[in-house]
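A structural walkthrough
Residue strings, one per chain:
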Amino acid sequence: MDGDLTMKYIDRELERKFLSMNGVFKAVMIVGARQVGKSTMLRRLAEKEGRQWVTMDDQQTRDLAKSDPKLFFQTFKPPILIDEAQKAPEIFETIKIMCDNTEERGLFWLTGSQSKKLMRQAGDSLAGRICVLKMYSLSQRELLGIKPDEALDFSFTSLRERSMLFPKNNIIDTFEHIWRGGLPDVQSLDEEQLREYFNSYIETYLMRDAVDDNGITDTEGFRKFLRACAAFSGQLLNYNDLATSAGVSGVTAKEWIKVLQSMGIIQLLEPYSSNELKRLIKTPKLYFCDTGLCAYLSSWTGRDVLMNGAASGHFYENYIVGELTRNYAYGKDNVNINFYRDKGQKEIDLVIEKDNVLHPLEIKKGAAPDKRAVKAFDVLAEAKKEIGNGGIVCMAESPFPIDEKNCFIPSNII
């Protein structure tokens, strides 16, 4: 089960998009890493409308679904919420038939821990009938209970209005969130409890899924690989370095990266590409979807040691990438998030492309970084696309203009 409904519920940004898609699709499925809050959100929404809820964690229920899907749906009639649907893939074909026999929308709500197997099963059976949405661990906005009405806009006027909704940017609060991460169950734990939680999380969920869902037999090598990924978070993906650190082959490293992506543990940020820009690199950057898990795997034992440690800049960058990923995944805007790097080592931390306009962003942990960093944006002129508003995402307390297109952007308001 994803969380405890007796705990204080934190409103999730994904609720809006989920309910919107529920009015269009006959089935909607929420996927994501273990324990990010999928079931908790959908059970809360189901309770509001009196929708029936069943979980495939229950052996008896699962056995019925697997052995006789038609009888299962006679027993548990739609509209229905089915938790951990990947444990009974036999139901997908029956769901397809039921969807095809009605025009009613929102009949089936499904949750599933993200996996290649689940996506393949659902995609094969329910193509065109199901909307799949991804949930991440809690964002800083969700923890603060702030839901801006307007989409994120990097113009100074918009940033200033947005900043009115948020408390002042604060390095202590920022690194508390980075070190702790966004899994709902860890938010009230002390340092000792947090360590034991993540240790249990890895052994109970990640290692079990690696073995059961992905057929990995070298569990010790996989543990080492997980830690190696944490050590290289925020850097260009180098399969050879990861393979060496874990004592496995390069081929295995490539396969395990795909496994961790499919489990919702890491994300790869692809480099910006353009026909007009000829000398761009093709190597993606590696980030963790939850910085708390990454900090645990990297043996950072507390907020302050992480904040003052050598890896603080990489963790801060990972945090910014994660917050923007959540913002756009849950919002209405259709954007591409990339980074820029060419073979001459020129680099821009993030390039957000929206409506064919490029919004370049640098990420700096300081409160007053050198504004000359925006000079790096000039390399995008050759892309022959409009360059929109951007700036330096940093620990500034409030937005402040650098030039007519760029601002210092407080990281807590994105």
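Refer to the structure printed above.
Rules and cut-offs
Residues numbered from 1 in each chain as written. Predicted model: local features only at pLDDT ≥ 70, side-chain atom pairs only at ≥ 80, totals over all residues. Heavy atoms only, no water. Helix = DSSP H or I, 4+ residues; strand = E, 2+ residues; numbered from the N terminus. Rg over C-alpha atoms; globule rule 2.2 N^0.38 Å. Buried < 20%, exposed > 50% of the residue type's maximum accessible area, 1.4 Å probe, protein only. Contact = heavy atoms within 4.5 Å. 1 Å grid on protein atoms, 1.4 Å probe; cavity = no way out; pocket = protein on both sides within 12 Å on 5 of 7 lines; lining within 4 Å. Points joined across faces, edges and corners; volume = space filled by probe spheres on them. Nonpolar A, V, L, I, M, F, W, Y, C, P; charged D, E, K, R; others polar. Salt bridge = Lys/Arg side-chain N within 4 Å of Asp/Glu carboxyl O. Pairing = 2+ DSSP bridges. Patch = residues over 30% accessible without salt bridge, like charges linked within 9 Å, V, L, I, M, F, W, Y side chains within 5 Å. Areas by Shrake-Rupley, 256 points an atom, 1.4 Å probe, with all protein chains shown as cover. Lys, Arg positive; Asp, Glu negative; His and termini not counted. Charge placed at Lys NZ, Arg CZ, Asp CG, Glu CD. Axes fitted to C-alpha atoms, helices over the stretch in contact; angles between N-to-C directions. Parallel < 35°, antiparallel > 145°, perpendicular 65-115°, else oblique. Left-handed = near helix turned anticlockwise from the far one by under 90°. Phe/Tyr/Trp six-rings, centres within 6.5 Å; stacked < 30°, edge-to-face > 60°. Lys NZ or Arg CZ within 6 Å of the ring centre and 35° of its normal.

Counting its regular elements, the chain contains 16 helices and 14 strands. Taken against the 2.2 N^0.38 rule, which gives 22 Å for 414 residues, the C-alpha radius of gyration of the chain at 22 Å falls within 12% of a compact globule. Viewed in the frame of its principal axes, the chain has a C-alpha envelope of about 65 × 45 × 45 Å. Across the 414 residues that make up the chain, the buried fraction comes to 55%. Partitioning the contacts of the chain with sequence separation of at least 6, the portion at a separation of at least 24 is 70%.

Considered as a void within the structure, the largest pocket measures approximately 420 Å³ in volume. Arg16, Pro148, Asp149, Tyr330 and Gly331 are the residues nearest the centre of the largest pocket, which is lined by 16 residues in total. Here the lining of the largest pocket gets three residues from one element, more than from any other, and that element is helix α16 (residues 312–330). Within the lining of the largest pocket, the residues separate by chemical class into five nonpolar, two polar and nine charged.

Turning our attention to the pattern of salt bridges. Per the counting criterion, the structure on display carries 23 salt bridges. The partner of Glu323 in a salt bridge is Arg141, and the shortest N-O contact between them spans 3.6 Å. Within this pair, whereas Glu323 is found in helix α16, its partner Arg141 is found in helix α7 (residues 140–144), the two being separated by 182 residues in sequence. Taken as a pair, Glu323 and Arg141 share a single burial class, namely buried. Salt-bridge contacts for Arg303 lead to Glu176; the nearest nitrogen and oxygen are separated by 3.4 Å. Placement of the pair is Arg303 in helix α15 (residues 303–307) and Glu176 in helix α9 (residues 171–180), with a sequence separation of 127 residues. When salt bridges with common partners are traced through the structure, they connect Glu176, Arg180, Arg303 and Asp304 into a single cluster.

Looking now at the pairing of strand β1 (residues 27–32). Among the six residues that make up β1, six are buried, leaving the element largely enclosed by the rest of the structure. Residues Ala27, Met29 and Val31 of β1 are buried on one face, and the alternating residues Val28, Ile30 and Gly32, pointing to the opposite face, are buried as well. Two elements, β1 and strand β4 (residues 108–113), share six bridges in a ladder whose sense is parallel. Across the sheet, Val28 pairs through a bridge with Trp109, a residue of β4. For β1 and strand β5 (residues 130–134), the ladder comprises five bridges, and the chain directions are parallel. Of the residues in β5, the one forming a bridge with Val28 is Cys131.

In this section: a positive patch on the surface. A grouping of Arg279, Lys282, Lys343 and Lys346 is seen on the molecular surface, where their side chains present a positively charged patch. Examined against the element boundaries, Arg279 turns out to sit in the loop between β6 (266–269) and β7 (285–288).

To continue, consider the packing of helix α1 (residues 14–22) against helix α2 (residues 38–49). Relative orientation of the contacting elements α1 and α2 amounts to 55°, with a least axis distance of 11 Å. Here α1 lies oblique to α2, going by the angle between them. The element α1 and its partner α2 pack so that their crossing is right-handed. Mapping the contact onto sequence places Leu14, Glu15, Phe18 and Leu19 in α1 and Met41, Leu42 and Leu45 in α2. Residue composition of the contact of α1 with α2, by class: six nonpolar, no polar and one charged.

In this section: the packing of aromatic side chains. A complete count under the given rule lists 13 aromatic pairs for this structure. Measuring from ring centre to ring centre gives 5.9 Å for Tyr197 and Phe198, while their planes differ by 80°; the resulting arrangement is edge-to-face. Comparing Tyr197 with Phe198 shows no difference in burial state: the two are buried. Members of the aromatic cluster, joined through ring pairs, are Tyr197, Phe198, Tyr201, Tyr205 and Tyr296. A cation over an aromatic ring shows up here: Arg51 above the ring of Trp109, its NZ or CZ 3.8 Å from the ring centre. Of note, Lys285 hangs over the ring of Phe339, and the distance from its end group to the ring centre comes to 5.3 Å.

Another aspect to go through is the environment of Thr301. Examined against the element boundaries, Thr301 turns out to sit in the loop between α14 (291–297) and α15. Each residue touching Thr301, except ones within four places of it in the same chain, is listed here: Trp179, Glu191 and Arg195.

So, on to the pairing of β4. The buried fraction of β4 amounts to six of the six residues, a majority that puts the element mostly inside the structure. Neither face of β4 is left uncovered, since the one carrying Phe108, Leu110 and Gly112 and the one carrying Trp109, Thr111 and Ser113 both have all their residues buried.

The final tally for this structure, using the stated rule, is three cavities of 30 Å³ or more. Taken together, 16 residues form the lining of the largest cavity, with Ala33, Val36, Gly264, Cys289 and Asp290 sitting closest to its centre. Split into classes, the residues belonging to the lining of the largest cavity amount to nine nonpolar, three polar and four charged. What the second largest cavity holds in volume is close to 80 Å³. The dominant element in the lining of the second largest cavity, judged by the number of residues it contributes, is α16, at five residues. Partitioning the lining of the second largest cavity into residue classes produces four nonpolar, seven polar and three charged.

Taken together, Asp149, Glu150, Asp153 and Glu161 make up a surface patch of like negative charges. You can see Glu161 is positioned in helix α8 (residues 156–163).

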